[in-house]
Amino acid sequence: QPHERQARFEALIAADRKVEPGDWMPDAYRENLLRQLAQHANSEIVGMQPEAHWIARAPSLKRKAVLLAKVQDEAGHGLYLYAAAETLGTDRAALLNALHEGRQKYLSFINYPTLTWADTGALAWLTDGAAIVNQVPLCRSSYGPYARAMVRVCKEESFHHRQGFDSLWTLMRGTPAQRAMAQDAVDRWWYPALAMFGPPHTASTHSERSMAWRIKRFTNDELRQRFVDICVPQAEALGVRLPDPGLRWNAGRGHYDFTEPDYAELARVVRGDGPANRQRLAHRRRAHEEGAWVREAAAAYAAKHAPAAPG
Ligand code: 3HC
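Reference entry: report on the structure contained in this document. In this text, all values refer to a predicted model and were calculated from it rather than measured experimentally. (Residues numbered from 1 in each chain as written. Predicted model: local features only at pLDDT ≥ 70, side-chain atom pairs only at ≥ 80, totals over all residues. Heavy atoms only, no water.)

All right, on to the environment of Gln36 then. For Gln36, the position within the fold is in helix H2 (residues 27-46). The exposure class of Gln36 is buried, given its relative accessible area of 11%. Once the C-alpha coordinates of Gln36 and Ala85 are considered, the two residues, 49 residues apart in sequence, prove to be 9.2 Å apart. (Helix = DSSP H or I, 4+ residues; strand = E, 2+ residues; numbered from the N terminus. Buried < 20%, exposed > 50% of the residue type's maximum accessible area, 1.4 Å probe, protein only.)

This is the structure we're talking about:
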């Protein structure tokens, strides 16, 4: 009976248990989850671009190998997440089409350019740091395949975050020019990282429902505040200045006060008008087209090795 299915689903959520692919779920839950999962998967694979730009220009073999491994990890994260999204009944080709046609989003920060080598460090320290703050609660998301994918993704993101910190640490202990380059990168990446958490709660379309369904656990603002509180002592340890004159400890709240990102700019970038939106999407489409022969070869190989049909 429909009302019994609905009651079973609600009881599962209320008991904080996992919804699994075979379980009945309301259409709105499935759609909302698929929207977030697809956006998340897209962010992983389009998010390879800003750093991949620097692989061939890394200053040492060690830094090149580390960056290569990190960018490859992001591709892996995309694969776990597309696989999780597929369990909701939409195939990967359809998800990629939606990305390529601009119908499905990816995170805003990816649409900013990486101008110097220090940007790879600032990106990893700040945006992977923000990704961890956002994604650790997603390990307890109500949808089983999403929550399980997040466990491994978060472990790898932790490594990425530390390597970004290490890269900036090295630059901050280098020449004056290297220190200036690191500071300039932090100045440019701080606000795109803060904006990653999305619009303020009052303007968030999905948070209320996603939190009731335990897809999300915290509001965008709660996670943004947590991120700021974590970053301040790390910035002090690095010796970089966070570019916000309004940043100060508020003993009454037990948190740092800070200046919010420009949400009008976030909306513009999400609409497609960021500094590198067109370039990112064009590159993604080209990579997909150039990879067609790999997909065809993999499909032919799988068909050749598939067990013969019985009878
Ligand atoms: N960039 C782009 N779009 C954003 C955004 C952002 N920073 N923040 C919000 N939006 C969009 C939402 O997708 C939504 O649009 P839609 O209805 O068309 O989907 C709209 O703005 C309103 O925002 P809401 O707050 O209502 O949306 P959500 O409840 O979905 O919250 C979110 C936004 C916090 C980004 C949430 O979707 C989320 O947690 N997503 C998963 C996190 C994620 O994508 N992580 C990837 C990190 S990238 C990475 O790790 C790779 C890198 O390291 C290279």
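Turning our attention to the site of the ligand. The local shell around the ligand holds 32 residues, among which Lys105, Ser204, Thr205, His206 and Lys216 are the closest. Side-chain polar atom of His40 to a nitrogen atom of the ligand: 3.2 Å apart, as the coordinates give it. At a separation of 2.9 Å, an oxygen atom of the ligand approaches a polar side-chain atom of Glu157. When isolated, the ligand has an accessible area of 1,000 Å², and the protein chains bury 92% of it. (Near = heavy atom within 4 Å. Polar contact = N/O pair within 3.5 Å; in protein donor to acceptor, adjacent residues only side chain to side chain. Areas by Shrake-Rupley, 256 points an atom, 1.4 Å probe, with all protein chains shown as cover.)

Here we come to the packing of aromatic side chains. Two numbers describe a pair of aromatic rings. These are the distance of the centres and the angle of the planes. Going through the model one piece at a time under the given rule, you end up with 8 aromatic pairs. Where Phe9 meets Trp24, the ring centres are 6.3 Å apart and the plane angle is 90°; that geometry is what we call edge-to-face. Here Trp24 lies in the loop between helix H1 (2-14) and H2 and Phe9 lies in helix H1, a separation of 15 residues in the sequence. Between Tyr29 and Trp213 the ring centres are 5.5 Å apart and the planes differ by 85°, which places this aromatic pair in the edge-to-face class. (Phe/Tyr/Trp six-rings, centres within 6.5 Å; stacked < 30°, edge-to-face > 60°.)

With that settled, the discussion passes to the layout of surface pockets. Any empty space left between atoms is shown by rolling a water-sized probe over those atoms. Approximately 1,100 Å³ is the volume found for the largest pocket. Contributing to the lining of the largest pocket are 50 residues, with Gln39, Leu107, Met196, Phe197 and Gly198 lying nearest its centre. Put simply, the parts of the chain that give the lining of the largest pocket at least two residues each are H2, helix H3 (49-52), helix H4 (61-86), helix H6 (118-135), helix H7 (144-172), helix H9 (207-212), helix H10 (220-238) and helix H11 (263-273). Looking at the lining of the largest pocket residue by residue, the classes come out as 23 nonpolar, 17 polar and 10 charged. Counted as a void, the second largest pocket has a volume near 480 Å³. In this structure, the second largest pocket is lined by 16 residues; those nearest its centre are Leu79, Leu96, Arg284, His288 and Arg295. (1 Å grid on protein atoms, 1.4 Å probe; cavity = no way out; pocket = protein on both sides within 12 Å on 5 of 7 lines; lining within 4 Å. Points joined across faces, edges and corners; volume = space filled by probe spheres on them. Nonpolar A, V, L, I, M, F, W, Y, C, P; charged D, E, K, R; others polar.)

On to H11, then. Every buried residue belonging to H11 is among Leu266, Val269 and Gly272, and all of these are buried. Along the axis of H11, the buried residues cluster in a sector spanning 165°; they form a single face. Where H11 is buried, its residues contact helix H8 (176-195) and helix H12 (277-290). For H11, the side-chain oxygen to backbone nitrogen distance between the N-cap and Ala264 is 3.0 Å, and the N-cap itself is Asp262. (Arc of directions from axis to C-beta. Contact = heavy atoms within 4.5 Å.)

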